[in-house]
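Residue-level listing of the chains:
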Amino acid sequence: MHFRHLGRSGLKISEITYGNWITHGSQVENDTATACVRAALDAGITSFDTADVYANTKAEEVLGAALAHERRESLEIFTKVYFPTGPMGPNDTGLSRKHIMESINGSLRRLDTDYVDLYQAHRYDYATPLEETMQAFADVVRAGKALYIGVSEWTAEQLRAGHALAKELGISLISSQPQYSMVWRVIEDEVVPTSSELGISQIVWSPVAQGVLTGKYLPGQAAPDGSRAADTKGGAKMIEGLLGREDLLRRVQDLRPVAQELDLTMAQLAVAWVLQNDNVAAALIGASRPEQVAENVAAAGIRIPGELMKRIDEILAD
Ligand code: NDP
């Protein structure tokens, strides 16, 4: 495994980080979830990402149980706050001081840990003053319940404002968690340059585009059994936008020779591709079975030559 500093901080995380959205507590049974975590640990992954809202809090419980016997100091555990997880009272959502303070306690209880390494704002809250949010995060850090602060899907402007307030309050906002893959490159224009300037890293989600970049979804054909697209518990809905684009599925097949040239599988090529970006600290992978973890983790440390990066651009260009 390779490790990268998270933002301008001393914290190092594994450049392949394991996440449990859709899978733990939902698509896969707990035994399989535990086996995936085991495979991640065996492959040298030390960083694990979840959120209170995943499987309506169950994902945090499953991850906490799977990591229960590990040495806490050897792990980096990340979770998130924003979305409602239970009864929808007026304060059960967003980034108010009240919701943050209650959510962190619930997350720590479910993860069975005294602190998380990274506590992330899952989205930007337009209804709460940013000052209130950042002060609450600072208090969470001062209480020892989180070591660092991150955000997810914030714009460059929001990152800049949050970072400035964090600095005033003496805490570190060191990460941004956006979607990023060969087929979703929105962050390259503004988020990445601003983050590089501020000392914020990206932990990027869905690097294999939820399975699409593995090449297993063929244009005009039914989704393979057992895949996210065939998942009846909610996974299929999340991936349908990508699968509806037959032209994209066709072009993904054209990436196969590029992967072969590097002696990589398609999934490994996709994970390695996001890691070519210096502002990316980690590719945040999901898996529905342990073999996928073992396969994808081999992307760590791979360098894709410039001419192949260019060929990938040409294949996927609109
Ligand atoms: P990926 O793009 O890595 O997709 C993972 C899924 O793709 C697997 O569950 C599996 O699905 C399929 N897959 C992966 N590897 C292979 C392989 N080698 N062969 C065949 N199929 C494969 O990431 P996710 O979409 O799962 O997201 C990863 C993490 O990112 C989440 O767990 C979460 O932590 C984070 N995230 C954050 C968000 C945010 O708003 N901050 C939003 C979404 C995710 P299957 O086998 O079922 O087809």
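What this report covers is the structure whose coordinates are included nearby. (Residues numbered from 1 in each chain as written. Predicted model: local features only at pLDDT ≥ 70, side-chain atom pairs only at ≥ 80, totals over all residues. Heavy atoms only, no water.)

## So, the side chain of D117
Part 1: If you trace the backbone, D117 turns up in strand β6 (residues 116-121).
Part 2: Exposure remark for D117: the relative accessible area of 4% places this residue in the buried category.
Part 3: In terms of polar contacts, D117 uses its side chain to reach the backbone amide nitrogen of I77, at 2.8 Å. (Helix = DSSP H or I, 4+ residues; strand = E, 2+ residues; numbered from the N terminus. Buried < 20%, exposed > 50% of the residue type's maximum accessible area, 1.4 Å probe, protein only. Polar contact = N/O pair within 3.5 Å; in protein donor to acceptor, adjacent residues only side chain to side chain.)

## Structural notes on the sheet that holds strand β7 (residues 146-151)
Part 1: Here we have eight strands rolled up into a closed barrel, ordered β3-β4-β5-β6-β7-β8-β9-β10, and parallel in their pairing. Between one strand axis and the next, the sheet turns through 30° on average, direction left out of account.
Part 2: Bridging between strand β5 (residues 76-81) and β6 involves four bridges; their strand directions are parallel. Directly across from K80, in β6, lies its bridge partner Q120. (Pairing = 2+ DSSP bridges. Axes fitted to C-alpha atoms, helices over the stretch in contact; angles between N-to-C directions.)

## Focus: the packing of aromatic side chains
Part 1: Considering all chains together, one arrives at seven aromatic pairs under this definition.
Part 2: With centroids separated by 6.1 Å and ring planes inclined at 65°, the aromatic side chains of Y18 and F48 adopt a geometry described as edge-to-face. Of this pair, Y18 sits in strand β3 (residues 16-19) while F48 sits in strand β4 (residues 47-49), placing them 30 residues apart in sequence.
Part 3: Taking the relative accessible area as the measure of exposure, F48 reaches 0% and is therefore buried.
Part 4: With centroids separated by 4.8 Å and ring planes inclined at 80°, the aromatic side chains of Y82 and F83 adopt a geometry described as edge-to-face.
Part 5: Of the residues examined, Y82 reaches a relative accessible area of 17% and is grouped as buried.
Part 6: For F83, a relative accessible area of 25% puts it in the partly exposed group.
Part 7: Among the aromatic residues, those joined into a ring-pair cluster are Y124, Y126 and W154.
Part 8: Lying over the aromatic face of Y115, R72 brings its terminal NZ or CZ to 4.0 Å of the ring centre. (Phe/Tyr/Trp six-rings, centres within 6.5 Å; stacked < 30°, edge-to-face > 60°. Lys NZ or Arg CZ within 6 Å of the ring centre and 35° of its normal.)

## With respect to helix α2 (residues 58-66)
Each α-helix winds once per 3.6 residues, and so residues spaced three or four apart point in a common direction.
Part 1: Regarding α2, the residues found buried are A59, E60, V62, L63, G64 and A66.
Part 2: Packed against the buried residues of α2 are α1 (30-42), β4, β5 and α3 (97-111). (Contact = heavy atoms within 4.5 Å.)

## Examining the pairing of β6
Part 1: In terms of burial, β6 is a largely internal element, six of the six residues being buried.
Part 2: The β-α-β motif built from β5, the intervening α3 and the parallel element β6 has right-handed crossover chirality.
Part 3: Sheet analysis places β6 next to β7, joined by five bridges and oriented parallel. Considered in β7, the bridge of A121 is made with V151. (Right-handed = clockwise from strand over helix to strand, strands pointing away.)

## Examining α3
Part 1: Over its 15 residues, α3 runs 21 Å from end to end, which matches the ideal 21 Å to within 8%, given 1.5 Å per residue.
Part 2: Every buried residue belonging to α3 is among H99, I100, S103, I104, G106, S107, L108, R110 and L111, and all of these are buried.
Part 3: Looking at the buried residues of α3, the elements they touch are α2, β5, β6 and α4 (130-142).
Part 4: The first or second residue beyond α3 is D112, which carries a positive phi of 55°. (Expected span 1.5 Å × (residues − 1).)

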